Each structure stands twice: as structure tokens, then as C-alpha cells.
Amino acid sequence: MFGTAMIPQGFGMMKEMFPPRELQAAFGAMGPIMGLSAVGGPTLAGWLVDADFFGTGWRMIFLINLPIGLIAILAAIRFLPATRPIRSSGLTCPVRSSPPPPHCCSSSRWFRAASTAGPPGRSR
């Protein structure tokens, strides 16, 4: 269902879409779905490579994303509710008023010196 990079977005969408009384069931359903996709994904990929549709070989693993993506877009349009983003009240992270710690300055000087020194073992 979700790739590793999409897990935080999926959890965020679930938190936003489900009311608090249904949230536990929604998160509970996510575990088995992720487990099935972890088993089913490599199995489907092996089958697609073995089947060699249209002479594409291993490339079919990537081509399968086209119909799956189209189905996902159509399902999202049909089933996901229209929401409006919550307006931010401004800056959400604290602003540093103090200078950076000394180790930041020294490491940036080291990187500048290392990048202009040339290859190791050779002097300029």
C-alpha cells in the first residue's frame, strides 16, 4: 500500500480523515495491509519478471506502476474527502538569537580547507 517513504503521509492522512472514535480501527487495519504488501510486493515482482510480458523482462516491475497509479488516482478522487488546509498562524519553529556553537564554525572551516587542498598525498 505505502512505500517506506509514504508511511508518514499515510498516517497523517488517516489522522486527518478519521474521527477519534474510528482512528484506532484505522490504524489497526494498517498493520495487516503493510504486512501483506511486504509479502505480496516481492512475490508479484518475481512473477512479473518471470512472465516477461511484451518482452519487457525486469522493466515490467516499473511499468506495473502505470495502471496501479491510475487506479489510485481515480480511487482518491472518488473516495478521499475534500479538505482545506488549516491556516498556519505563523512561524512554528523557534528562532535562534544566539550565534551557532563553535563546532559548527570549525567544521565549516575544515570542509573549506579540505575542498581546496586537492587530493591526499599531493602538495600544492
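Residues numbered from 1 in each chain as written. Predicted model: local features only at pLDDT ≥ 70, side-chain atom pairs only at ≥ 80, totals over all residues. Heavy atoms only, no water.

Caption draft 1: Geometry of the overall build of the protein. Summing up its helical and strand segments, the protein has five helices and zero strands in all. Listed N to C, the secondary structure of the protein is α-α-α-α-α in terms of helices and strands. Partitioning the intrachain contacts of the protein with sequence separation of at least 6 by distance along the chain shows that 27% fall at a separation of at least 24. Only carbon and sulfur atoms are counted for the fraction: they give 68% of the accessible area of the protein, which is about 10,700 Å². (Helix = DSSP H or I, 4+ residues; strand = E, 2+ residues; numbered from the N terminus. Contact = heavy atoms within 4.5 Å. Areas by Shrake-Rupley, 256 points an atom, 1.4 Å probe, with all protein chains shown as cover.)

Caption draft 2: Representation of the environment of V49 within the structure. Among the secondary structure elements, V49 is positioned in helix α2 (residues 20–51). Sequence separation of V49 and M60 is 11 residues, and the distance between their C-alpha atoms is 6.7 Å. Dropping the residues within four chain positions of it, V49 is found in contact with G57, W58 and I61.

Caption draft 3: Fine view of the packing of aromatic side chains. Under the definition given, this model contains four aromatic pairs. Both rings, one in F53 and one in F54, keep their centres 6.4 Å apart while their planes meet at 45°; by these two values the pair is tilted. A relative accessible area of 78% means that F54 is categorised as exposed. Connected via pairs of aromatic rings, a cluster forms that spans W47, F53 and F54. (Phe/Tyr/Trp six-rings, centres within 6.5 Å; stacked < 30°, edge-to-face > 60°. Buried < 20%, exposed > 50% of the residue type's maximum accessible area, 1.4 Å probe, protein only.)

Caption draft 4: Expanded view of α2. Given a rise of 1.5 Å per residue, 32 residues ought to cover 46 Å, and the 45 Å separating the end C-alpha atoms of α2 matches this to within 8%. At G40, α2 shows its maximal kink, close to 25°; a proline, P42, follows between one and four residues later. All of the buried residues in α2 are L23, A26, M30, A45 and L48. Buried residues in α2 make contact with α1 (7–17) and α3 (60–63). Looking at the residues trailing α2, positive phi occurs at D52, about 50°. (Expected span 1.5 Å × (residues − 1). Bend = angle between axes of the 7 residues up to and from the residue.)

Caption draft 5: Quick look at the packing of α1 against α2. Two numbers describe how α1 lies on α2: the axes approach to 10 Å, and their chain directions differ by 155°. By the angle class used here, α1 and α2 are roughly antiparallel. The interaxial crossing formed by α1 with α2 has right-handed handedness. Of the residues in α2, those touching α1 at I7, F11, M14 and K15 are L23, A26, F27, M30 and M34. A class-by-class count of the residues in the contact of α1 with α2 yields eight nonpolar, no polar and one charged. (Axes fitted to C-alpha atoms, helices over the stretch in contact; angles between N-to-C directions. Parallel < 35°, antiparallel > 145°, perpendicular 65-115°, else oblique. Left-handed = near helix turned anticlockwise from the far one by under 90°. Nonpolar A, V, L, I, M, F, W, Y, C, P; charged D, E, K, R; others polar.)

Caption draft 6: Structural detail: unusual backbone geometry. Residues other than glycine seldom take positive phi values, yet D52 does so here, at roughly 50°. Examined against the element boundaries, D52 turns out to sit in the loop between α2 and α3.

Caption draft 7: Geometry of the confidence of the model for the protein. On average, residues of the protein carry a pLDDT of 76, and 64% of them reach 70 or more. Here helix α5 (residues 102–117) stands out as the element of the protein with the lowest mean pLDDT, 52, in contrast to helix α4 (residues 65–79), whose mean of 91 is the highest. (pLDDT = per-residue confidence, 0-100.)

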